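Given next are the chains, with one letter for each unit.
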Amino acid sequence: MLEKLFKLRQSGTDVRTELLAGLTTFLTMVYIIFVNPSILGDAGMPKESVFVATCIVAALGTAVMGLYANYPIAMAPGMGLNAYFAYAVVLGMGVAWPAALGAVFISGCLFILVTLLGLRGMIVNGIPKSMRVAITVGLGMFLALIALKNAGIVVSNEATLVKAGDLHQPAAIMAIIGFFTIVALDRLKVRGAILIGIVLVTVLSFFFGGNTYQGIFSAPPSIDPTLFKLDIPGALSAGILNVVLVFFLVELFDATGTLMGVARRAGLLVEGKMDRLNKALLADSGAIVAGAVLGTSSTTAYLESASGVQAGGRTGLTALTVAVLFLACLFIAPLAGVVPAYATAPALLFVACLMLADLGDVEWGDSTESIPAAVTALVMPFTFSIAEGIAFGFITYAVLKLLTGRAREVAPVVWVIAALFTFKIVYIGT
């Protein structure tokens, strides 16, 4: 049955290899069940329900990816997007979290629509590479600022906006230990390096941070506080237009880039293309919609899937293994509940550092490419808004190309995005 469903022999793999690959992928990304409730909890969402939603949507999205698209790619609520949801949209803009979930739902529906209409390729190909890189880098810088704040390493200051916090505090010291642990273990190719770092800091928190043990296993908490609580009419208000656009753009680039990257690592590209890319994108966009209904921020394909591919995973059986393991996580809610913010901060900072790696892909010799990219990446953390970073970046790109007589180089989709953001800034405000 497994052979018929996943075509194991045709892909040059077997059941044992696929199961081990699934376990490997799971260990590298299971940290999200601790990090996501912590981040969305800061936005006022009930952590226990978010924990359940995270486990369910990760299992559901990954299972669909495995069974429908037959790819060894796992899915879960995306890092960066959850931070944007919590800190920029809910806390920064004052949008109620049900309305923010509504925006995620709408962006997922748009993603499904452009995939079904075959417009995805036109949009992705129309966005210049420098801007795609800049969005990833800016997300990394935004994530780094949140991580340093949660660890108490960076604090606010009236005179200088920010300054170094008190590094003698237990939280800061433990976060630093956790960060070095994660980086060292990752460099030594230890599976589950991020998870080990989070667990280490959590254990230390019982001795030095006043944390209290609440057990490990229990029946899953209720998901009712977040289930079907999305507010679509609230999300359709004019003031949240840019939020939907940002979710859509980041989801589009993140999903496409991750899918292509993991497929390339697995040798699944045929003449540089994914045979079942549309199926994979439909699985991704469907998970976004399902996540919004369940009560979590945008779901996306995880780059950590590359670890499972490295271990030999080649088919959807790898993904299905990950899905089953995420379902099993539903019964460790007490363990997830005792993980403090400064324990997940090292994981956020590590992921943020990895996201800066693409800086070298920017064409720095062409100022009409590099300056908009730099503006995008810098404005995100300095305004504490991913939306403003993307807005200023696209507007800067369009204006510089126009002023230097290179308007023909700009794809129509860029003009549309720049015009939408300009309209929003002029008539609605930042």
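Residues numbered from 1 in each chain as written. Predicted model: local features only at pLDDT ≥ 70, side-chain atom pairs only at ≥ 80, totals over all residues. Heavy atoms only, no water.

- The name an unreviewed UniProt entry gives the protein chain is NCS2 family permease, with Massilia consociata as the organism.
- Quoted verbatim from the Sequence similarities (unreviewed entry) field of the UniProt record, the comment on the protein chain reads "Belongs to the nucleobase:cation symporter-2 (NCS2) (TC 2.A.40) family. Azg-like subfamily."
- On record in UniProt, under Subcellular location (unreviewed entry), the comment for the protein chain is "Cell membrane". (UniProt positions renumbered as here; feature names shortened; annotations may be inferred.)

### Focus: the nonpolar core
Alright, step 1. The biggest cluster of nonpolar side chains holds 129 residues, and the ones touching the most others in it are Ile33, Phe85 and Ile390.
Alright, step 2. By residue number, the principal contributor to this core is helix α12 (residues 241–266), which donates twelve residues.
Alright, step 3. Look past the residues within four positions of Ile33 in its chain and what remains in contact with it is Phe51, Thr54, Cys55, Phe326, Cys329, Ile332 and Ala336.
Alright, step 4. Core analysis: the second largest hydrophobic core is formed by six residues, Val133, Ala134, Val362 and Ala373 among them. (Core = buried A, V, L, I, M, F, W, Y, C linked by side-chain atoms within 4.5 Å. Buried < 20%, exposed > 50% of the residue type's maximum accessible area, 1.4 Å probe, protein only. Helix = DSSP H or I, 4+ residues; strand = E, 2+ residues; numbered from the N terminus. Contact = heavy atoms within 4.5 Å.)

### Considerations on the pairing of strand β2 (residues 154–157)
Alright, step 1. Where β2 and strand β3 (residues 161–164) come together, four bridges link them in antiparallel fashion. Following the sheet pairing, Asn157 is matched in β3 by Leu161.
Alright, step 2. In textbook terms, the turn of a hairpin is the stretch between consecutive antiparallel strands, and for β2 and β3 this stretch comprises three residues. (Pairing = 2+ DSSP bridges.)

### Description of a nonpolar patch on the surface
Alright, step 1. Nonpolar side chains collect at one region of the surface, where Leu110, Leu113, Leu117, Leu119 and Met122 lie side by side and expose about 450 Å² of accessible area between them.
Alright, step 2. Secondary-structure assignment places Leu117 in the loop between α6 (97–116) and α7 (120–126). (Patch = residues over 30% accessible without salt bridge, like charges linked within 9 Å, V, L, I, M, F, W, Y side chains within 5 Å. Areas by Shrake-Rupley, 256 points an atom, 1.4 Å probe, with all protein chains shown as cover. Salt bridge = Lys/Arg side-chain N within 4 Å of Asp/Glu carboxyl O.)

### Notes on the pattern of salt bridges
Alright, step 1. Summed over all chains, the structure comprises four salt bridges.
Alright, step 2. Close ionic contact of Asp366 with Arg406 constitutes a salt bridge, the shortest N to O distance being 2.8 Å. Of the two residues, Asp366 sits in the loop between α17 (341–355) and α18 (367–383) while Arg406 sits in the loop between α19 (386–403) and α20 (412–428), which places them 40 residues apart along the sequence.
Alright, step 3. Taking the shortest distance from any N to any O, the salt bridge between Lys401 and Glu409 comes out at 2.9 Å.
Alright, step 4. The network of salt bridges with shared partners includes Asp366, Glu369, Lys401, Arg406 and Glu409.

### Examining the state of the cysteines
Alright, step 1. Taken as a whole, this structure holds zero disulfides when the rule is applied.
Alright, step 2. The cysteine Cys329 is free of any disulfide, with Cys55 supplying the nearest cysteine sulfur at 5.3 Å. (Disulfide = S-S within 2.5 Å.)

### Concerning the side chain of Ser38
Alright, step 1. Tracing the backbone through its elements, the reader meets Ser38 in helix α3 (residues 32–42).
Alright, step 2. Looking at Ser38, the relative accessible area reads 6%, which means it is buried.
Alright, step 3. Apart from residues no more than four positions distant in its own chain, Ser38 is found in contact with Lys47, Ala341 and Thr344.

### Considering the packing of aromatic side chains
Alright, step 1. Evaluation of the coordinates by the stated rule reveals five aromatic pairs.
Alright, step 2. With 5.2 Å between their ring centres and 70 degrees between their planes, Tyr84 and Phe247 make a pair best called edge-to-face. Taken together, the positions of Tyr84 in helix α5 (residues 81–92) and Phe247 in helix α12 put the pair 163 residues apart, joining distant regions of the chain.
Alright, step 3. Judged by relative accessible area, which is 0%, Phe247 ranks as buried. (Phe/Tyr/Trp six-rings, centres within 6.5 Å; stacked < 30°, edge-to-face > 60°.)

### A word on helix α10 (residues 193–208)
Since the α-helix advances by 3.6 residues per turn, residues separated by three or four positions end up pointing in the same direction.
Alright, step 1. Its 16 residues give α10 an end-to-end C-alpha distance of 22 Å, which sits within 8% of 22 Å, the value for a rise of 1.5 Å per residue.
Alright, step 2. Residues Ala193, Ile194, Leu195, Gly197, Ile198, Val201, Thr202, Leu204 and Ser205 constitute the buried set of α10.
Alright, step 3. Looking at the buried residues of α10, the elements they touch are α2 (15–29), α3, α9 (170–187) and α17.
Alright, step 4. One or two positions beyond α10, positive phi appears at Gly210, with a value near 75 degrees. (Expected span 1.5 Å × (residues − 1).)

### Some thoughts on the environment of Gly337
Alright, step 1. Tracing the sequence through the fold places Gly337 in helix α16 (residues 333–337).
Alright, step 2. Judged by relative accessible area, Gly337 falls into the exposed class, the value being 64%.

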